[in-house]
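Breakdown of the fold
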Number of protein chains: 2
Amino acid sequence: MDETDELLSIRAAELYYEENKTQDEIGQALRLTRWKVGRLLAQAKQRGFIRIEILHPRARRLPIERRLREERGLSDAIVVSSAGVAGPEELQARTAQAAADYLTALRPVPRTLGVSWGRTLYEISQHLRNGWATGVNVVQINGGVSLNRRPGTAAATAVGIAQKGGGQATLLPSPAILERLETKQAIESDRVVAGVIELARSADAYLFSAGAADESSVHVESGYLSVSDVDLLVAKGAVGDVVGRYLDSDGNIVDPALDARTVGLTLDELRQAPLAIAVIAGQAKHPVADAVVRSGLCTVLVTDEATALHLLDG
Amino acid sequence: MDETDELLSIRAAELYYEENKTQDEIGQALRLTRWKVGRLLAQAKQRGFIRIEILHPRARRLPIERRLREERGLSDAIVVSSAGVAGPEELQARTAQAAADYLTALRPVPRTLGVSWGRTLYEISQHLRNGWATGVNVVQINGGVSLNRRPGTAAATAVGIAQKGGGQATLLPSPAILERLETKQAIESDRVVAGVIELARSADAYLFSAGAADESSVHVESGYLSVSDVDLLVAKGAVGDVVGRYLDSDGNIVDPALDARTVGLTLDELRQAPLAIAVIAGQAKHPVADAVVRSGLCTVLVTDEATALHLLDG
DNA sequence: GGCGATTCTGCTCAGATGAGCAGCCGGGCC
DNA sequence: GGCCCGGCTGCTCATCTGAGCAGAATCGCC
C-alpha cells in the first residue's frame, strides 16, 4: 500500500466513521469506485488505523478473553475493559462487578462455594445482588476471621455472599497463620475446624483472589505478618499469596515452614478443583496473577485488561 | 432505556465490534431478535458507549470541522486528530502538515500568497512538496527578517514556499517592531518597503499563525521585546500576537503605541481579506486562537483537536 | 522489448443492515 | 373495569456491504 492509498484510506475512514457516509457516497467524493472504498476501509482496519472502544464500566474485552482461554489453558476468562478508567479503585470495582456477574450467571449453580476473604472478595460480595442464586451455601477456605483491622470483614464477606444467594455461610474459626506449628495442628484437629475444612474440600467451586507480596498485603494489615516478614518472603522469591499461602513465580510454596502454619486449603487442593475462580486486578498483582495462571491454580480468571495483557506477554 | 437494556447493548457491542459477529448471530447468542440487536447497537452508539477513533498522523476530525464552520462562521476549518499523539511537537507537526495539505489542495490557486513567519510557518514550508503549486508568488506580510536567533528562518520560509510552488518570494526588508515611531514611518516610506507592503495588501490569500503572549514568544527570542515587555502586555490583557501585533481576547490591539511601531499589514487589513488562513496549534495558544476566531481575523482555521474543542466550548 | 506472474479493478451476487410500519402490550386515567 | 396513548416488537423492503471472480494493468525478469 503506497502513501497515496494510505492517505485515501484515512480520508475514507473519516467520511465513513465520522460522517456516516455510505461507501458509495465516499466513492463519489473521492472519485473512487465503491469497491475501492470498501477495500481501503478494510485495509485501514487491518493496519490498525481504526480503533473501536466500548466505553462502559461493564465492558469486557472478548478477544483477550479468548486468547487467555486458548493460550493459557483457562476454561474461562473474564477481562474487563480499562477504557476510560479513572483510577485503580475503579479498575478494582469493575473487576469485582464482573466477578459478581460471572457468579450470577454461573451454571450449574454450585451447591457449595468455597471462598477466601480480603478486599477483593469483600467487594464482590457487595456487588452481588440479593437473590443472585438460590440455595448457595458458602464455606471459608482459609483462616483469618478475627485479627482484621476492621473485624468481621471476612465473616461479612462469606455471610453476605451466602445470604444474598439464599444459603448458609460456614466460617472457618481460625487465624490465618499461627505462630507455632503445634498450635496450628491443634486447631486443625478441633472437631469444628476439621469439619469446616472437610466441607471446604467438598465444595463444588472456589472463589478467591490473590495478594501482592508487599507491605500493603492484608496479612500485614491484619497483623499476621510484619513488613520484614514479607520482605524476607520477597527475598526468597515470593510474588504474592493465594489463600494466605505465599508462592513464587512458578507457583511453588516459598516458605514451607510458614505454609505449614497456615490454616485452610492447600494450593494443591485448589489446583485439583474442577472450578476455581480467581479474581485478580491491578498493576501490583501482575506477578502473582502470572504465577496463579501459570501454575494452574485457577480454571477461571476474572481480571482487568492490563493484567490480562501482561499474562499474555510472556 | 433501563439497566438491563444498557447491559445488553454493551454485550451486543462486544460481540459486534470485537468479535465481528453479525447482528443475527448476536441475536441467537443473547436470545434476541436481530432487530432488537440492531436497536441496542444504535442506542449504544447514540449514548456514546462506542468510541471510534482514527489513529493516524494525518487523521482529521470532520465533525469538529463542521461545528467550527457552523458555529464560528469560518468558511473552512481543518482539525487534526489528537488521537495517539506523542507530545506537543507532534501536534505541531501534524497541524503544519495539514496546513501544507490544505494549501496544496486549495482552489483556485492564489496568484499571490501573503505569509507571516515563525516556527509554525517555517514548519509548513518544510512540509510542502516540490511542485505543490505552479506559479504561486509569496510576499511577507510583516517585518522581521534579520533579528532572528537563527537568521534567515523568516526568509527561508517565504522563499521555500515560493520555490516549491514555482514562484518568486518577495521579502519585507524591515524589522518586526521598531523602537521609535519615526523610524518605523521612515522605513515604511522607503520605496522598496512601501512597494512590498502594497504587494502584500493585494495578495489573494494570507497564511499566518499566532503567537502566545508569554516568554516563549518569537519576539522575545528574536530580541524585539523583553520578557518584561511581554509581561506588561499580558497585564494589559494581551493573549498573543498575530503578524507581530498583540491583541486582547476581543481581538483589539492592546498597546496602540507599540502597534504603531510594528511594520506590516494591520489586523483590520487581514480581517478584510477574502481568504485568511490561520494555523494555530497547542495548548499555549488556546486563548489567542479564541481571539483570532472570535474577532474574525481568519476565514480558514487549521488547528488541533484540543484547540478546536476549546474554541467551541464558550 | 517480450513474457509470465502478480496485483489490481470492477463486476455479480448473496448476505447484512437500517428505515419505516402495523400490531401489540402496558401504564395511566377516568 | 374500560379506554386511550406511547412505546416496544417483529415484520417487509430497499439499501448497503463484503466475498468471490474474471479480465486488465503492472511489475519483474530475462
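Because the structure is a prediction, the values reported are computed rather than measured. (Residues numbered from 1 in each chain as written. Chains lettered and ligands numbered in written order. Predicted model: local features only at pLDDT ≥ 70, side-chain atom pairs only at ≥ 80, totals over all residues. Heavy atoms only, no water.)

Lining the immediate surroundings of DNA strand D are Tyr16(A), Thr22(A), Gln23(A), Arg34(A), Thr33(B), Trp35(B), Lys36(B) and Arg39(B). Backbone atoms, meaning sugar and phosphate, form 53% of the atoms of DNA strand D found within 4 Å of the protein. One of the side-chain nitrogen or oxygen atoms of Trp35(B) is found 3.2 Å away from a base oxygen of DNA strand D. The contact in question runs from a phosphate oxygen of DNA strand D to an N or O atom on the side chain of Lys36(B), over 3.1 Å. (Near = heavy atom within 4 Å. Polar contact = N/O pair within 3.5 Å; in protein donor to acceptor, adjacent residues only side chain to side chain.)

Quick look at helix α3 (residues 34-46) of chain A now. For the α-helix, the turn length of 3.6 residues means that residues three or four positions removed from each other point alike. Residue and element names in this part refer to chain A. An ideal rise of 1.5 Å per residue puts 18 Å on 13 residues; α3 measures up with 18 Å between its terminal C-alpha atoms. Along α3, the residues classified as buried are Val37, Leu40, Leu41 and Ala44. One face of α3 carries all of its buried residues, which in axial projection span an arc of 100°. Residues of α3 that are exposed and point over 90 degrees away from its buried face: Trp35, Arg39 and Gln46. Lining the buried residues of α3 we find α1 (3-18), α2 (23-30) and β1 (50-54). Of the residues trailing α3, Gly48 is marked for its positive phi of about 80°. (Helix = DSSP H or I, 4+ residues; strand = E, 2+ residues; numbered from the N terminus. Expected span 1.5 Å × (residues − 1). Buried < 20%, exposed > 50% of the residue type's maximum accessible area, 1.4 Å probe, protein only. Arc of directions from axis to C-beta. Contact = heavy atoms within 4.5 Å.)

Looking now at the pattern of salt bridges. All names here are of chain B. Scanning the entire structure with this criterion turns up 47 salt bridges over all chains. Here Arg94 ties to Glu90 by a salt bridge, and the two come within 3.1 Å at their closest N and O atoms. Here the residue Arg94 and the residue Glu90 both occupy positions in helix α5 (residues 88-105), the gap between them amounting to four residues, near one helical turn. For Glu90, a relative accessible area of 25% gives the class partly exposed. (Salt bridge = Lys/Arg side-chain N within 4 Å of Asp/Glu carboxyl O.)

Before going further, it helps to spend a moment on the relation of the copies chain A and chain B. The operation relating chain A to chain B is a screw motion whose rotation component is 179°, with 0.1 Å of axial translation and a residual RMSD of 0.2 Å. Such a combination of turn and shift is consistent with a two-fold rotation axis. Closest approach to the rotation axis among the C-alpha atoms of chain A is made by Ile52(A), whose C-alpha sits 2.3 Å away. The residues that chain A uses at the interface reappear at the interface of chain B in 100% of cases, marking a shared surface. (Least-squares fit on C-alpha atoms with pLDDT ≥ 70 in both.)

Turning to the packing of aromatic side chains, a few remarks are in order. Residues and elements named next belong to chain A. In the structure shown here, the tally under the stated rule is two aromatic pairs over all chains. A centroid spacing of 5.1 Å and a plane angle of 90° characterise the contact between Tyr16 and Tyr17, whose relative ring orientation is edge-to-face. The exposure class of Tyr17 is buried, given its relative accessible area of 18%. (Phe/Tyr/Trp six-rings, centres within 6.5 Å; stacked < 30°, edge-to-face > 60°.)

What follows is about the sheet that holds strand β7 (residues 211-212) of chain B. Working definition: the strands of a sheet are paired by backbone hydrogen bonds and lie parallel or antiparallel to each other. Residues and elements named next belong to chain B. Overall, antiparallel pairing links the three strands, which are arranged β7-β8-β9 in an open sheet. Single-partner strands in this sheet number two, and they are β7 and β9 (245-248). Packing of helix α14 (residues 286-294) onto the sheet brings it into contact with β7, β8 (238-242) and β9, and relative to β8 it is tilted by some 65°. (Pairing = 2+ DSSP bridges. Axes fitted to C-alpha atoms, helices over the stretch in contact; angles between N-to-C directions.)

This part is about the sheet that holds strand β6 (residues 205-208) of chain B. Residues and elements named next belong to chain B. Taken together, seven strands build an open sheet; the order of strands is β2-β11-β10-β6-β3-β4-β5 and the sheet is parallel. At either end of the open sheet lies a strand with only one pairing partner, and these are β2 (76-80) and β5 (169-170). Direction of pairing for β2 relative to strand β11 (residues 300-304): parallel, over a ladder of five bridges. Its bridge partner being in β11, Asp76 is matched across the sheet by Val300. Running at roughly 160° to strand β4 (residues 137-140), helix α7 (residues 153-164) makes contact with β3 (112-115), β4 and β5 of the sheet.

This brings us to the packing of helix α2 (residues 23-30) of chain B against helix α3 (residues 34-46) of chain B. All names here are of chain B. At a minimum axis distance of 8 Å, the contact between α2 and α3 shows a crossing angle of 105°. In terms of orientation, α2 and α3 fall into the roughly perpendicular class. Across the interface between the two elements, Gln23, Asp24, Ile26 and Gly27 from α2 touch Arg34, Val37, Gly38 and Leu41 from α3. For the contact of α2 with α3, the per-class residue count stands at three nonpolar, three polar and two charged. (Parallel < 35°, antiparallel > 145°, perpendicular 65-115°, else oblique. Nonpolar A, V, L, I, M, F, W, Y, C, P; charged D, E, K, R; others polar.)

For helix α4 (residues 62-72) of chain A, the set of buried residues is Leu62(A), Ile64(A), Glu65(A) and Leu68(A). End-on, the buried residues of α4(A) take up no more than an arc of 165°, which puts them together on one face. Those residues of α4(A) that are buried are in contact with β2 (76-80), β11 (300-304) and α15 (305-313) of chain A together with α1 (3-18) of chain B.

Moving on, we get to the protein's contact with DNA strand C. Taken together, Thr33(A), Trp35(A), Lys36(A), Arg39(A), Tyr16(B), Thr22(B), Gln23(B) and Arg34(B) make up all the residues around DNA strand C. Counting only the atoms of DNA strand C within 4 Å of the protein, the fraction contributed by sugar and phosphate is 52%. Trp35(A) has a polar side-chain atom sitting 3.3 Å from a base oxygen of DNA strand C. Here a base nitrogen of DNA strand C sits 2.5 Å away from a polar atom, N or O, in the side chain of Arg39(A). Here the surface near DNA strand C gets three residues from one element, more than from any other, and that element is α3(A).

Each side of the interface is counted separately: chain A has 28 residues, and chain B has 28 residues. Summed over both sides, the interface of chain A with chain B buries roughly 2,900 Å², with 51% coming from carbon and sulfur. If you sort the residues of chain A by the area they bury against chain B, Glu18(A), Arg51(A) and Ile54(A) come out on top, with a joint share of 21%. Seen at the junction of chain A and chain B, the total is ten salt bridges. Residue Arg61(B) pairs with Glu18(A) through a salt bridge whose shortest N-O separation is 2.6 Å. At the junction of chain A with chain B, the criterion picks out 16 residue pairs in polar contact (both at pLDDT 80 or more). Of all the secondary structure elements, the ones that give two or more residues to the side of chain A that touches chain B are α1, β1 and α4 of chain A. Of all the elements, α1(A) adds the most residues to the side of chain A that touches chain B, at ten residues. For the side of chain A that touches chain B, the residue count by class is 13 nonpolar, two polar and 13 charged. Sheet topology note: the β1(A)/strand β1 (residues 50-54) of chain B ladder contains five bridges and is antiparallel. Across the sheet, Ile52(A) pairs through a bridge with Ile52(B), a residue of β1(B). (Buried area = accessible area lost by both parts, 1.4 Å probe.)

Moving on to the packing of α5(B) against helix α6 (residues 119-127) of chain B. All names here are of chain B. Where α5 contacts α6, the axes come no closer than 8 Å and their chain directions differ by 60°. Comparing the axis directions of α5 and α6 gives the class oblique. The crossing of α5 and α6 is right-handed. Packed against α5, whose contacting residues are Gln92, Ala93, Ala96, Gln97, Ala99, Ala100 and Leu103, the element α6 presents Arg119, Thr120, Glu123, Ile124 and His127 at the interface. When its residues are assigned to classes, the contact of α5 with α6 shows six nonpolar, four polar and two charged. (Left-handed = near helix turned anticlockwise from the far one by under 90°.)

Nothing here speaks to function; it is geometry throughout.
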